[in-house]
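Fold and geometry: a report
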Amino acid sequence: MAKARRLGGGATVLRTARWGAAGALAGTGLVGLLLFALGREHVWQALGGGLVVVGASVVLGGGLGFLFGVPRVRGGAGSDDPPGSYAPNTNLEQVSDWLTKVLLGVGLTQLGSLGERLHDLGTALAPVLGGGEAAVPFAAALVLYFLVFGFLAGWLVTRLALPQALTETDQALDLFLAGQDRDRHGDKVGADDLRVRAMQQLGLLGGTAERPAALAGQLPPSSGAPAGPEGVVAEVRSTARRSALTAEQVRALFTDGSEGRRIQALALMQGDPALADLSSVLDAIEHPRSDFEQYHALLAARGLLYRLPADGAQRLRDAVARQLVDPRGIPYGSDRSWLAEKILSRLPAAAVLPEQPAAGVPVQPDAGGNS
C-alpha cells in the first residue's frame, strides 16, 4: 500500500512538472512579446498582431504534432498484442531518420538559404508588429519559437492522451454492442448492466464506489469469470437458470445476513426471475448494505417488471421513488439513478383516485346542484 502511495505521489509530481515546464515555455515567449510591444510606438497593435502570430504558429505546430502522434491500430497477427489495441506512431522516427540521411547526403552547404527564408518570413510579418528593422528578426523568432512549442505540445498530448481515449471508446462500443446482443436474446438485466458499464467507461455515469472484496473469492479460478466482484455476479447470474436452488432457498440465502450472500441471492434473482422475491429486492433497495448491493437490487427489480401484480408494481415504484428523492438515497447521475429512472419509466403510472367519503357522510352537492 505504501509503495502504491509513493508511486501515485511520484506520478502526481511528474504531471505537475510537465505542466509547469509547458507553462514556463509558453510564458517566456509571451513575456518576450509583451516587452517587445511595450517598446513600440503602437503598443496595442504590436501586442495584438503578435498574439495572432503566436496563435497561428501554435495551431500549425500543434496540427503537425497531432499528425505525427496519432497512434496506429495493431492488427494482432503474429504479435502478442491484442487486436484493436493502439501502438505509438513511428512517423516522427522515420522522418528523423530521413532528415539525417538527407543532411549527410546533400551537405551543410545547402542550408545557406535557410537564413534568407527566415528573413523573408520576418519581413512579411514585421508590419503586424509595428514595422521597423527590429521587428523582422523578432517576427521570425516568434514564429519559430511557438511553432516548435506547438509541435511538441501537440505531439505529446496526442501521444499520451489519444491512445487511452480511443481505447476507452472502443471498449465502451464493445459493451454497447454486447448489450444489444443480450437484449435480442431476451436478457434484459444483462443488457442493462452492460449499457451501464459502457456509459461509465465514457464517463457519462458515476460508478458504485463500494464493492465487497469478499465476493472475489467465492468462485473457483477455473470458472472463467472476469476478475472482481462484477465478474462474480455475472457468473452467478449466467448460471441461475441451471441452478437447482428453489425460490425459498434463494430467499433464505438473502436473509442469511452477510453482504456477500445477499448479493449472490440478488444475482440469482437477476438470472432467473422465477427465483426472485419482491420483499427481498425491496429490502435491498431501501436498506442496502452498500451501493453495490443497491445497484444489483435495482437490476433484479428490472427483471421483475413484467411479472409483478398491480400492488407489487406500486410497492416497487414507491420504494424506488423514495430513494431518488431522499438526499441520502440514490445520487443523481450515478449508475443507480439511471437504473431507477428506467424502472420508473417502465412501471405503469400510479392512478390517482378521488378521495372516498366516509360511511354515513352525505355527499355535498356542487354549485350546479349535482351530487
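Further up the page is the structure itself.
Residues numbered from 1 in each chain as written. Predicted model: local features only at pLDDT ≥ 70, side-chain atom pairs only at ≥ 80, totals over all residues. Heavy atoms only, no water.

Considering the overall build of the chain
- Along the chain, the regular secondary structure elements total 13 helices and 2 strands.
- When burial is assessed residue by residue, the chain has 34% of its 371 residues classed as buried.
- Sequence separation of at least 24 residues holds for 62% of the intrachain contacts in the chain that already meet a minimum separation of 6.
- If you sum the accessible surface of the chain, you get close to 21,900 Å²; carbon and sulfur atoms cover 62% of it. (Helix = DSSP H or I, 4+ residues; strand = E, 2+ residues; numbered from the N terminus. Buried < 20%, exposed > 50% of the residue type's maximum accessible area, 1.4 Å probe, protein only. Contact = heavy atoms within 4.5 Å. Areas by Shrake-Rupley, 256 points an atom, 1.4 Å probe, with all protein chains shown as cover.)

Thoughts on the nonpolar core
- Of all hydrophobic cores here, the largest spans 44 residues; its most connected members are Leu266, Met269, Val281, Ile285, Leu316, Val320 and Ile343.
- Put simply, the parts of the chain that give this core at least two residues each are α6 (188-201), α7 (229-238), α8 (247-254), α9 (259-271), α10 (278-286), α11 (291-304), α12 (310-325) and α13 (335-346).
- In this view, Val320 contacts Ile285, Leu298, Ala340, Ile343 and Leu344; residues no more than four positions away in its chain are not counted.
- By size, the runner-up hydrophobic cluster in this structure holds 18 residues, among which are Ala37, Val54, Leu129 and Phe138. (Core = buried A, V, L, I, M, F, W, Y, C linked by side-chain atoms within 4.5 Å.)

Quick look at α10
- What α10 keeps buried is the set Leu278, Ser280, Val281, Leu282, Ala284 and Ile285.
- The elements touched by buried residues of α10 are α8, α9, α11 and α12.

Side note on the packing of α8 against α9
- Between α8 and α9, the least distance of the axes is 7 Å, while the angle of their chain directions is 150 degrees. In terms of orientation, α8 lies roughly antiparallel with respect to α9. Contacts between α8 and α9 involve Val250, Leu253 and Phe254 on the former and, on the latter, Arg261, Arg262, Gln264, Ala265, Leu266, Leu268 and Met269.
- Class assignment of the residues belonging to the contact of α8 with α9 gives a composition of 7 nonpolar, 1 polar and 2 charged. (Axes fitted to C-alpha atoms, helices over the stretch in contact; angles between N-to-C directions. Parallel < 35°, antiparallel > 145°, perpendicular 65-115°, else oblique. Nonpolar A, V, L, I, M, F, W, Y, C, P; charged D, E, K, R; others polar.)

Description of the layout of surface pockets
- Its volume calculated, the largest pocket comes out at about 570 Å³.
- Forming the boundary of the largest pocket are 17 residues, of which Arg18, Ala22, Ala153, Leu156 and Val157 lie nearest the centre.
- Elements represented by at least two residues in the lining of the largest pocket include exactly α1 (2-38) and α5 (135-184).
- Grouping the constituent residues of the lining of the largest pocket by class yields 14 nonpolar, 1 polar and 2 charged.
- The computed volume of the second largest pocket comes to approximately 430 Å³.
- As for the second largest pocket, its lining consists of 20 residues, and the residues nearest its centre are Asp187, Gly190, Arg237, Gln270 and Gly271.
- At the level of secondary structure, the elements contributing two or more residues to the lining of the second largest pocket comprise α5, α6, α7, α9 and α11.
- For the lining of the second largest pocket, the leading source of residues is α6, giving 6 residues. (1 Å grid on protein atoms, 1.4 Å probe; cavity = no way out; pocket = protein on both sides within 12 Å on 5 of 7 lines; lining within 4 Å. Points joined across faces, edges and corners; volume = space filled by probe spheres on them.)

What to know about the environment of Leu142
- Here Leu142 is to be found in helix α5.
- We classify Leu142 as buried; its relative accessible area is 5%.
- Beyond its immediate sequence surroundings of up to four residues, Leu142 is in contact with Leu33, Gly50, Val53 and Val54.

Describing the pattern of salt bridges
- Per the stated rule, a full pass over the model turns up 16 salt bridges.
- Here Asp256 makes a salt bridge to Arg261, at a shortest N to O gap of 3.6 Å.
- Take Asp256: its relative accessible area is 46%, and that puts it in the partly exposed class.
- Two residues, Arg336 and Asp291, come together in a salt bridge whose shortest N-O distance is 3.3 Å. A residue pair is termed long-range when its members are at least 10 positions apart, and Arg336 in helix α13 and Asp291 in helix α11 qualify at 45 residues.
- Under the relative-accessibility criterion, Arg336 is labelled buried at 5%. (Salt bridge = Lys/Arg side-chain N within 4 Å of Asp/Glu carboxyl O.)

A short note on α12
- Taking 1.5 Å as the rise per residue, α12 with 16 residues should run 22 Å; its terminal C-alpha atoms sit 23 Å apart, in good agreement.
- Among all positions of α12, only Gly312, Ala313, Leu316, Arg317, Ala319, Val320 and Gln323 are buried. Burial along α12 is one-sided: seen end-on, the buried residues are contained in an arc of 165 degrees. Residues of α12 that are exposed and angled more than 90 degrees away from the buried face: Ala310, Asp311 and Val325. (Expected span 1.5 Å × (residues − 1). Arc of directions from axis to C-beta.)

Structural notes on the packing of α11 against α13
- Running from N to C, α11 and α13 point in directions that differ by 25 degrees, and their axes come no closer than 10 Å. Comparing the axis directions of α11 and α13 gives the class roughly parallel. The crossing of α11 and α13 is left-handed. For the pair α11 and α13, the contacting residues are Asp291, Gln294, Tyr295, Leu298, Leu299, Ala301 and Arg302 in the first and Asp335, Arg336, Leu339, Ala340, Lys342, Ile343 and Arg346 in the second.
- Its residues assigned to classes, the contact of α11 with α13 comprises 7 nonpolar, 1 polar and 6 charged. (Left-handed = near helix turned anticlockwise from the far one by under 90°.)

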